[in-house]
Amino acid sequence: MTLQQEIVGNAMQMAVVNLHPGQTVYCEAGKFLFKTTNVTMETRLSGPSGNGGQSGGGGGGMGGMLRQAMGTAMQVGQRMLAGESLAFQYFSAQGGQGTVGFAGVLPGEMRALELDGTRAWFAEKDAFVAAESSVEFGIAFQGGRTGMSGGEGFVLEKFTGQGTVIIAGAGNFIDLNPADFGGRIEVDTGCVVAFEEGIQYGVQRVGGLNRQGIMNAVFGGEGLSLATLEGNGRVILQSLTIESLANALKKAQGGDKQGPTGGLFSTHAG
């Protein structure tokens, strides 16, 4: 059954979800706003792939319980390493239709993605808001050089299965397909919100180790790296990065925390 939801608001959007009896939606801790009284709320450490309403297929008895506990521990460990919330909150309607509301944590847009089981979606850390219990939440680590040089791109959220997943970002969204721009686009690493499976995500140095490359890194405000997105598929970018928002807030509190160059030599004195 398709999740009935509506994205409302402008500068700080929220998702209002209507649940049918027996239908379950889950969110990351801290993203819940409100619910009707006939919607139950339960907090669990495991995601849907562990104990979220889908059968683990591990059999019963002590062995099955042990495998389930180990699976939950692995999920929690991955989320801890990624800096994600350790728990999920599950909401189900009882005795009739119910309503529950969710929101992100930054001023910006939200987007409902429909998964049909053929393609996974990847999103930047903290983009996840809520999803149907038929959607599995996982963590994908970018390997080696890409992850270590990419900053924001080291840890990605991965969504698989079928159903609706709701994500949020900062500022306004724009949808692009690299195939419409010669097959490749380069963006600030903090501007990537989400992309479909099949898109190749990487990180490259801004310019070479020459005069212009150093000028880009020091005075351009982008640091040393740009994210690269290649292939044919949907990409969602945001107009506001968390770093630029943090710098603006620090500057408003007194002093130019970004430094005179706005690049590598940013200052972070508290």
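For the structure itself, consult the block above.
Reading the values: the criteria
- Residues numbered from 1 in each chain as written.
- Predicted model: local features only at pLDDT ≥ 70, side-chain atom pairs only at ≥ 80, totals over all residues.
- Heavy atoms only, no water.
- Helix = DSSP H or I, 4+ residues; strand = E, 2+ residues; numbered from the N terminus.
- Buried < 20%, exposed > 50% of the residue type's maximum accessible area, 1.4 Å probe, protein only.
- Contact = heavy atoms within 4.5 Å.
- Areas by Shrake-Rupley, 256 points an atom, 1.4 Å probe, with all protein chains shown as cover.
- Pairing = 2+ DSSP bridges.
- Axes fitted to C-alpha atoms, helices over the stretch in contact; angles between N-to-C directions.
- Polar contact = N/O pair within 3.5 Å; in protein donor to acceptor, adjacent residues only side chain to side chain.
- Salt bridge = Lys/Arg side-chain N within 4 Å of Asp/Glu carboxyl O.

1. Focus: the overall build of the protein chain
Working step 1: Scanning the protein chain from terminus to terminus reveals five helices and 18 strands.
Working step 2: The proportion of buried residues among the 270 residues of the protein chain is 46%.
Working step 3: Summarising the internal contacts of the protein chain: among those between residues at least 6 apart in sequence, 78% fall at separations of at least 24.
Working step 4: Entry remark: accessible area of the protein chain is about 13,400 Å², with carbon and sulfur atoms responsible for 55%.

2. Regarding the sheet that holds strand β14 (residues 184-187)
Working step 1: Spatially, β14-β17-β16 is the arrangement adopted by the three strands of the open sheet, whose pairing is antiparallel. Looking at strand neighbours, the two that pair on one side only are β14 and β16 (200-205), the edges of this open sheet. Strand-to-strand, the axes of this sheet are offset by a mean angle of 30°, without reference to chain direction.
Working step 2: Pairing geometry for β14 and strand β17 (residues 225-230), over four bridges, is antiparallel. For V187, the partnering residue across the bridge sits in β17 and is A227.

3. Considerations on the pairing of strand β6 (residues 88-93)
Working step 1: Taken across its six residues, β6 has six buried, putting it largely inside the fold.
Working step 2: Judged by which residues are buried, β6 turns out to be covered on both faces: F88, Y90 and S92 on one side and Q89, F91 and A93 on the other are all buried.
Working step 3: Taken together, the five bridges between strand β3 (residues 24-28) and β6 define a ladder with antiparallel strand orientation. Of the residues in β6, the one forming a bridge with V25 is F91.
Working step 4: Of the strand pairs in this sheet, strand β5 (residues 39-44) and β6 are connected by six bridges, and their pairing is antiparallel. Among the inter-strand pairings, E42 is bridged to a residue of β6, identified as Y90.

4. Comments concerning unusual backbone geometry
Working step 1: Although it is not a glycine, D126 adopts a positive phi angle of roughly 80°.
Working step 2: With respect to the helices, strands and loops of the structure, D126 is situated in the loop between β9 (121-124) and β10 (128-132).
Working step 3: The exposure class assigned to D126 is partly exposed, which follows from its relative accessible area of 36%.

5. What to know about the side chain of T24
Working step 1: Relative to the helices and strands, T24 resides in strand β3.
Working step 2: Separated by 2.7 Å, the side chains of T24 and S92 make a polar contact.

6. Considering the pattern of salt bridges
Working step 1: In the structure shown here, the tally under the stated rule is eight salt bridges.
Working step 2: R44 serves as the salt-bridge partner of E42, at 3.2 Å between the closest nitrogen and oxygen.
Working step 3: Taking the relative accessible area as the measure of exposure, E42 reaches 42% and is therefore partly exposed.
Working step 4: Notably, a salt bridge pairs R184 with E186, separated by 3.7 Å at the nearest N-O pair.
Working step 5: Judged by relative accessible area, R184 falls into the partly exposed class, the value being 32%.
Working step 6: What you see here is one network of salt bridges that share partners, running through E109, R111, D175 and R234.

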